[in-house]
Amino acid sequence: MNATSTRADAFVVFGITGDLAAKMTFRALYRLEAAGRLNCPIIGLGHADWSHYRLVTAAREALAAGDQSVDPEVFERLARRLSYLRGDFSDPATYRELAERLENASAPVFYLAIPPALFGPVVTALGQAKLTNGASVLIEKPFGHDLDSARALNEELHRTLDEDQILRIDHFLAKQPVLDIAFLRFDNIMFEPVWNRDHIAAVQITMAEDFGVEDRGRFYDSVGALRDVVQNHLLQVLALLAMEAPAGPGSRALWDSKADVFRATADVDPAHTIAGQYEGYLDVTGVGRESVTETYVALRLEVNTPRWAGVPWFIRAGKALATRATEVRIVFHRPPPLTFLPRPQPVAANQLVLRIDPDPALRLILASQGATGTTEQAVHMDLPFAAELGQPPEPYERLLHDALTGAHSLFTREDVVEETWRILQPMIDHPPKPVSYPRGSWGPAGADELLRGHPGWQLPWLPDTGNTGT
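Throughout what follows, the structure given in this document is the object of discussion. (Residues numbered from 1 in each chain as written. Predicted model: local features only at pLDDT ≥ 70, side-chain atom pairs only at ≥ 80, totals over all residues. Heavy atoms only, no water.)

Take the sheet that holds strand β1 (residues 10-14) next. Taken in spatial order, the seven strands line up as β3-β2-β1-β4-β5-β6-β15 in an open sheet, and their pairing is mixed. On the outer flanks of this sheet lie β3 (82-86) and β15 (411-412), each paired with one strand and no other. Two elements, strand β5 (residues 136-140) and strand β6 (residues 166-169), share four bridges in a ladder whose sense is parallel. Within the sheet, the bridge partner assigned to I139 lies in β6 and is R168. Running at roughly 35° to β3, helix α3 (residues 72-81) makes contact with β2 (42-46) and β3 of the sheet. (Pairing = 2+ DSSP bridges. Helix = DSSP H or I, 4+ residues; strand = E, 2+ residues; numbered from the N terminus. Contact = heavy atoms within 4.5 Å. Axes fitted to C-alpha atoms, helices over the stretch in contact; angles between N-to-C directions.)

Here nine strands make up an open sheet; going across it, the order is β14-β13-β12-β11-β7-β10-β9-β8-β16 and the pairing mixed. Edge strands, defined here as strands with exactly one partner in the open sheet, are β14 (376-384) and β16 (435-437). Looking at each pair of strands side by side, their axes are set apart by 20° on average, direction ignored. Note: strand β8 (residues 273-278) against strand β9 (residues 296-302), four bridges, orientation antiparallel. Paired with G276 across the strands is Y296, a residue of β9. Against the sheet, helix α9 (residues 224-242) engages β7 (200-208), β9, β10 (312-318), β11 (325-332) and β12 (351-357), with an angle of about 145° to β10. In this fold helix α13 (residues 414-429) packs onto β8 and β9, with an angle of close to 130° to the strand it touches most, β9.

In this section: the packing of helix α5 (residues 119-128) against helix α6 (residues 147-158). In the contact formed by α5 and α6, the axes pass within 9 Å of each other and the chain directions differ by 10°. As the angle between them shows, α5 and α6 are arranged roughly parallel. Of the residues in α6, those in contact with F119, G120, P121 and V123 of α5 are L153, E156 and L157. The residue inventory of the contact of α5 with α6, partitioned by class, reads five nonpolar, one polar and one charged. (Parallel < 35°, antiparallel > 145°, perpendicular 65-115°, else oblique. Nonpolar A, V, L, I, M, F, W, Y, C, P; charged D, E, K, R; others polar.)

Everything listed is a geometric property; what it means functionally is a separate question.
This is the structure in structure tokens:
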């Protein structure tokens, strides 16, 4: 292998016969090929006794199952890039054969679409085979299951790799509305002057799903809502909302700003948390009969910086809730009483709502005089992203492209991972007992108590429904 390069000249997928490849990887690779942004050979590794023909067939089947329209010429180009290597990930012979295939590659990207327990052993084996010089390694979450295990994983990976060679995937960071948070804040002069404790009363982050865990009970029962989406996805959204402007271009400045937010965030207080478990969860295949895994979690955090001191950050996430919606809601302070208006009481608080999923959009909620001049009502200024900006790349399409071209801003850094686990560790050490809640509800009633003295949980703003989200 030769000198290093920022652009990958080979892409190696460990676990290409697995579910992740079928659901995400093949689709992302096809879309990159269609866009003319794929420029290297792709080697798939797996335990299955597959031929090249079987690999190409699996790719075609995955695209069909994902409702991806397929251009035969584009698919043929992708198929020519594909090759397959059958091997045992614990067998040195596998890595010797892989090294022969990569003889002319100077900057391969290794994508570990495999169980987290194999990350360390596979990286060690790659290093022993002298395959990591100039390489990058993509790994999927979870990056540990608590602070100690996250530190142990990082230490194991660093025995072979430098930190800038490790690309930790959080696909949520590649969603277009999440990417837009920094532009919304820092590229619009009307927002940044009021983006602080003097004007903002509270921040609510909601990730609601209207389905349960029927098809992944065994996996979910070992994880729960806190580890599945809060420690990674939703805390990353919090960092983008709370951070100061990065000091310069590039991934390092961005992650420095995010790390500063997490270092300033106090450990979660278990008294300011609540967990829930939807009715029927214990009957799901793979779930322990006496499981106390939470399918809902709500918590309050404090970011102790001059910008945010005293502003509560409320996060909730759950399965089998009333609807599917992920949103950020900035609730501003109410204006003071204004006696010249028809009624002297304060008007409703202004809000800014960023809908991440489904149908990404932005909404400003303002107060206005009613048509008769004697009433006050909320009015909405809405910006549907797709209609105004066009369809963005899909998250995995964006992430794989960035990995192959050496762009690292969307991947998570070691210190940030460890800080997010540190913030949540008190809740992991002293988990609240889950409270049962009905399917189709908004979770345990006790979640409302977290917001006592602050604006209550707002119903999410949903597309094309009568729910205005106020």
